[in-house]
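# Remarks on the overall topology
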2 protein chains.
Amino acid sequence: MGKRVTIQDLAKELNTTASTISRALHDHPGISKTMTKRVKELALKRNYRVNSVASSLRAGKSKTIGVIVPMINRDFFANVISGIEEIAFQNGFNVIICQSDNKVEKEIQHINTLISSGVAGVLVSLGFETSDYKPFDKISQLGIPLIFFDRAPSHEKSIKIVNNDKAGAYKAVQHLIDMGYKRIAHLAGPDNLSLYKDRKEGYIEALKDHGLPIEEKLIVSHNLKREAGYEAMKKLMKYKNPPDAIFSASDYSALGALLYLKEERIKVPEEVGIVGFSNEGFTKLTGPEITSVDQHGKEIGKYSAKVFFEEMASDVFIPRTIILDPKLIIRGSSLRNKKTID
Amino acid sequence: MGKRVTIQDLAKELNTTASTISRALHDHPGISKTMTKRVKELALKRNYRVNSVASSLRAGKSKTIGVIVPMINRDFFANVISGIEEIAFQNGFNVIICQSDNKVEKEIQHINTLISSGVAGVLVSLGFETSDYKPFDKISQLGIPLIFFDRAPSHEKSIKIVNNDKAGAYKAVQHLIDMGYKRIAHLAGPDNLSLYKDRKEGYIEALKDHGLPIEEKLIVSHNLKREAGYEAMKKLMKYKNPPDAIFSASDYSALGALLYLKEERIKVPEEVGIVGFSNEGFTKLTGPEITSVDQHGKEIGKYSAKVFFEEMASDVFIPRTIILDPKLIIRGSSLRNKKTID
DNA sequence: AATAACTCAACAAACGTTTGCATATATTAT
DNA sequence: ATAATATATGCAAACGTTTGTTGAGTTATT
């Protein structure tokens, strides 16, 4: 069980001091080429690794980025994380990932541990119960860059990387209209998160633009889960005048809706069309495959990380929002021959 | 942009020293109740957070666990990580997650950064190209507990938490035999990872125990991906005497096989039965749903973390293997009425 | 009353790195 | 030859926490 090699050890072996070793390893111009070479060779030979705890302490911050997401076992978040990691590692940073499980108290706990561990920045996607953003202020107050992605606060005082959810929703609904669906219902998420609000607005706007009426009872708020989608679908189909298409703010509830319809032997897409949101991996594995709005998670992750590095370099804080345009992936659940009545 | 509060700040405010503050916060018996109370109140008021970088440096190790996995966008790994986090956070630890993307060089890079960041322990699931375990020795040599889970080295000198893959495979194949399938093919993973070797052995043993012949050409090695499963299935079905069932070491390739069969209008499970491995989320979303072997990832994660804490507490290293029994989840892809010939 | 025992808090060092400043040697200019 | 400059290295402090040791003050013991 060997003790870890430090620059002191290297210094002793070369009859010099820690400062010289440190400078040599960092290619400081004040150190001679020969010395630099000797040091680097010895460091390699002795398998020296910088103690980044010590260097973080000295520097006042670490080369670590904290990421808080609701959960990692969602394709979208897993992809975002991959994107973040890619950029982070390129810059010699590593990443601490925290799952909030959509719970406010866990978010707060994670904020505290991240601050304690001296992260250089924090990237957050909010849980959908979070409406109080104060706990996050602690981070900014300490001068730690704070960047929201995907699920961001509704106010304008932060840095956000988000999808243009409204445009995505609009595309989805427009597509359903193009396919000839007339009574399009919406499974909506909680309004306190702007992205769900935006999806709903996109839905409404698309209907309006095409002269279709907005019916309150066709908009069902739910918790985005499969079960909720199933129940919502059941409820909707019990109406005297049921919808002929569903645009869901979540793939999971879209799947729930699909499962209900299959149980009831209602044909998809012939009788009812379905479009989901997020392009989860499973959407191309169902029968029929589910049309969905892709949010290119990896890109969002990369952007978020890049913005963090920008933010770290600059010393003025400029709130801003970067909006990425999502893409509609059309699949079987909404692809029917257009039935025109007129 | 407020400066961070330190114990020095608190000490100054209470006309005492940092050591007293530190001890008070840790309920050291040598500090009076009154003093302890005063300190804690002030700490709360000033929103003091321990600087864990400093405390890690002082302690010689941090309260962080490093986790290296091939990728996080797999249900199994996502669940393992959830399990690890749960136990870690209970113990006041946090978790750094690194994705190796199944690349050896990334594993090595991650090992180095984890050592640099002074993690207290490392939990690893190997990439499937890793056959040289030496890079991991560095970790143990520094006295850092190293625990493998799921994809572990084949040798006996490490601590591992693994599934009883052989038993899982045996159950899967036995089930296929029970269902009346006679020519069962196996989509095998690389032999250098014990878990794939074990799955193959379970397959072979089950066949033997039931008096079925082992045919080399029914065992196809592949890279576990969907595309490979598709191609393997295509190849197998071209034989003059094709298999009537597939036991795949991966759900993804099982899905690939299923997709090929559907394309060819070969009925599952009537003509060909399919069983996968891992119980990925999508297996219950396909048509028909795919029978699979569940590895209860969350449990593995929890075990791994617990073993790490045990290991940290003890000072003798005892190589050991903890084996969890996987469970067969029977679904539509293998559930047919038994056809007996005899 | 003198000493022992105890309680509480301060002192100081250490963890490993980085960096401003000082110093010593070598080089060049005058 | 001497002063000015350049080059290369050493010294020491700092980051914030923890902890062994010391010391002052108080209470108990004889």
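Relevant structure appears above.
Described in the following lines is the structure provided in the data block. (Residues numbered from 1 in each chain as written. Chains lettered and ligands numbered in written order. Predicted model: local features only at pLDDT ≥ 70, side-chain atom pairs only at ≥ 80, totals over all residues. Heavy atoms only, no water.)

### So, the overall build of chain A
- Helix and strand content of chain A: 12 helices and 12 strands.
- Whereas a compact globule of 342 residues would reach a radius of gyration of roughly 20 Å, chain A reaches 26 Å, over 25% beyond that.
- Counting only C-alpha atoms, chain A reaches 90 × 35 × 35 Å along its principal axes.
- Per-residue burial over chain A gives 54% buried out of 342 residues. (Helix = DSSP H or I, 4+ residues; strand = E, 2+ residues; numbered from the N terminus. Rg over C-alpha atoms; globule rule 2.2 N^0.38 Å. Buried < 20%, exposed > 50% of the residue type's maximum accessible area, 1.4 Å probe, protein only.)

### Re the pattern of salt bridges
Residue and element names in this part refer to chain A.
- In total, this model carries 26 salt bridges over all chains according to the counting rule given.
- Here Glu 13 makes a salt bridge to Arg 46, at a shortest N to O gap of 2.7 Å. In this pair, Glu 13 sits in helix 1 (residues 7–13) while Arg 46 sits in the loop between helix 3 (33–45) and helix 4 (52–59), placing the two residues 33 residues apart along the sequence.
- Classification of Glu 13 as partly exposed rests on a relative accessible area of 40%.
- Arg 46 gets classed as partly exposed once you look at its relative accessible area, which sits at 32%.
- The structure contains a network of salt bridges with shared partners spanning Glu 86, Lys 298 and Lys 302. (Salt bridge = Lys/Arg side-chain N within 4 Å of Asp/Glu carboxyl O.)

### Digging into the pairing of strand 3 (residues 121–124) of chain A
All names here are of chain A.
- With burial as the criterion, each face of strand 3 is covered, one bearing Gly 121 and Leu 123 and the other bearing Val 122 and Val 124.
- Inspection of the sheet shows strand 1 (residues 64–69) paired to strand 3 by 4 bridges, in the parallel sense. For Val 67, the partnering residue across the bridge sits in strand 3 and is Leu 123.
- Examined bridge by bridge, strand 3 and strand 4 (residues 146–149) share 3 bridges and lie parallel to one another. Each residue of the ladder has a partner; that of Val 122, found in strand 4, is Leu 146. (Pairing = 2+ DSSP bridges.)

### Structural notes on the protein's contact with DNA strand C
- Contacts to DNA strand C come from 25 residues, most closely from Gln 8, Ser 19, Tyr 48 and Arg 58 of chain A together with Thr 16 of chain B.
- If you look at DNA strand C and keep only atoms within 4 Å of the protein, 60% of those are sugar or phosphate atoms.
- In this structure, Ala 54 of chain A approaches DNA strand C through a main-chain N or O atom, which is 3.3 Å from a base nitrogen.
- Take Arg 23 of chain B: an N or O atom from its side chain is 2.7 Å from a base nitrogen of DNA strand C.
- Mapped by element, the contributors of at least two residues to the surface near DNA strand C are helix 1, helix 2 (18–25) and helix 4 of chain A together with helix 2 (18–25) and helix 4 (52–59) of chain B.
- In terms of residues, the surface near DNA strand C owes the most to one element, helix 2 of chain A, which gives 4 residues.
- Split by residue class, the surface near DNA strand C holds 7 nonpolar, 14 polar and 4 charged. (Near = heavy atom within 4 Å. Polar contact = N/O pair within 3.5 Å; in protein donor to acceptor, adjacent residues only side chain to side chain. Nonpolar A, V, L, I, M, F, W, Y, C, P; charged D, E, K, R; others polar.)

### A look at the interface of chain B and chain A
- Contacts between the two partners involve 46 residues from chain B and, on the opposite side, 45 residues from chain A.
- Buried area between chain B and chain A, both sides added, is near 3,800 Å², and the carbon and sulfur share of it is 57%.
- When residues of chain B are sorted by the area they lose upon contact with chain A, Val 53, Ser 116 and Leu 285 of chain B head the list and together hold 16% of the total.
- Our count for the chain B to chain A interface comes out at 0 salt bridges.
- For the pair chain B and chain A, the interface holds 14 residue pairs in polar contact (both at pLDDT 80 or more).
- The set of elements that each furnish at least two residues to the side of chain B that touches chain A consists of helix 4, helix 5 (75–90), strand 2 (94–99), helix 6 (104–116) and helix 7 (134–141) of chain B. (Contact = heavy atoms within 4.5 Å. Buried area = accessible area lost by both parts, 1.4 Å probe.)

### Examining the nonpolar core
- Ranked by internal contacts, the top residues of the largest apolar core, which has 88 residues, are Ile 184, Phe 247 and Ile 274 of chain A together with Ile 184, Phe 247, Leu 261 and Ile 274 of chain B.
- Leave out the neighbours within four places in its chain, and Ile 184 of chain A touches Val 173, Leu 176, Ile 177, Tyr 203, Leu 207, Leu 218, Asp 244, Ala 245 and Phe 247 of chain A.
- Core analysis: the next-biggest nonpolar cluster, separate from the first, contains 54 residues, Phe 77, Val 95, Val 307 and Leu 324 of chain B among them. (Core = buried A, V, L, I, M, F, W, Y, C linked by side-chain atoms within 4.5 Å.)

### Comments concerning the relation of the copies chain B and chain A
- Here chain B sits on chain A after a turn of 180° about the axis and a move of 0.0 Å along it, with an RMSD of 0.1 Å. Here the two chains are linked by the operation of a two-fold rotation axis. Across chain B, the rotation axis passes nearest the C-alpha of Ile 96 of chain B, at a separation of 2.3 Å.
- The fraction of interface residues of chain B whose copies in chain A are also interface residues reaches 98%, indicating that both copies meet through the same surface. (Least-squares fit on C-alpha atoms with pLDDT ≥ 70 in both.)

### Things to note about the protein's contact with DNA strand D
- As a matter of local geometry, DNA strand D sits amid 25 residues, with Thr 16 of chain A together with Gln 8, Arg 23, Tyr 48 and Arg 58 of chain B nearest to it.
- Each atom of DNA strand D within 4 Å of the protein was assigned to sugar, phosphate or base; sugar and phosphate come to 58%.
- Note that a base oxygen of DNA strand D is positioned 3.2 Å from one of the backbone N or O atoms of Arg 58 of chain A.
- Among the elements of the structure, helix 2 and helix 4 of chain A together with helix 1 (7–13), helix 2 and helix 4 of chain B are those that each provide at least two residues to the surface near DNA strand D.
- With 4 residues, helix 2 of chain B is the largest single contributor of residues to the surface near DNA strand D.
- Class assignment of the residues belonging to the surface near DNA strand D gives a composition of 7 nonpolar, 14 polar and 4 charged.

### Structural notes on the packing of helix 6 of chain B against helix 7 of chain B
Residue and element names in this part refer to chain B.
- Orientation of helix 6 relative to helix 7, taken along the N-to-C sense of each, is 10°, at an axis distance of 9 Å. What the angle tells us is that helix 6 and helix 7 run roughly parallel. Packed against helix 6, whose contacting residues are Glu 107, Ile 108, Ile 111, Asn 112 and Ile 115, the element helix 7 presents Pro 135, Phe 136, Lys 138 and Ile 139 at the interface.
- Its residues placed into classes, the contact of helix 6 with helix 7 shows 6 nonpolar, 1 polar and 2 charged. (Axes fitted to C-alpha atoms, helices over the stretch in contact; angles between N-to-C directions. Parallel < 35°, antiparallel > 145°, perpendicular 65-115°, else oblique.)

### Here's the deal with unusual backbone geometry
- With an omega of 10°, the peptide bond running from Val 268 of chain A to Pro 269 of chain A counts as cis.
- Examined against the element boundaries, Pro 269 of chain A turns out to sit in the loop between helix 11 (251–263) and strand 9 (273–278).
- You will see that Asp 150 of chain A, though not glycine, has its phi angle at about 60°, which is positive.
- Of note, Asp 150 of chain A is situated in the loop between strand 4 and strand 5 (159–163).
- Not every positive phi belongs to a glycine, and His 296 of chain B is a case in point at roughly 35°.
- For His 296 of chain B, the position within the fold is in the loop between strand 10 (291–294) and helix 12 (297–313).
- Relative accessible area serves as the criterion here: at 22%, His 296 of chain B is assigned to the partly exposed category.

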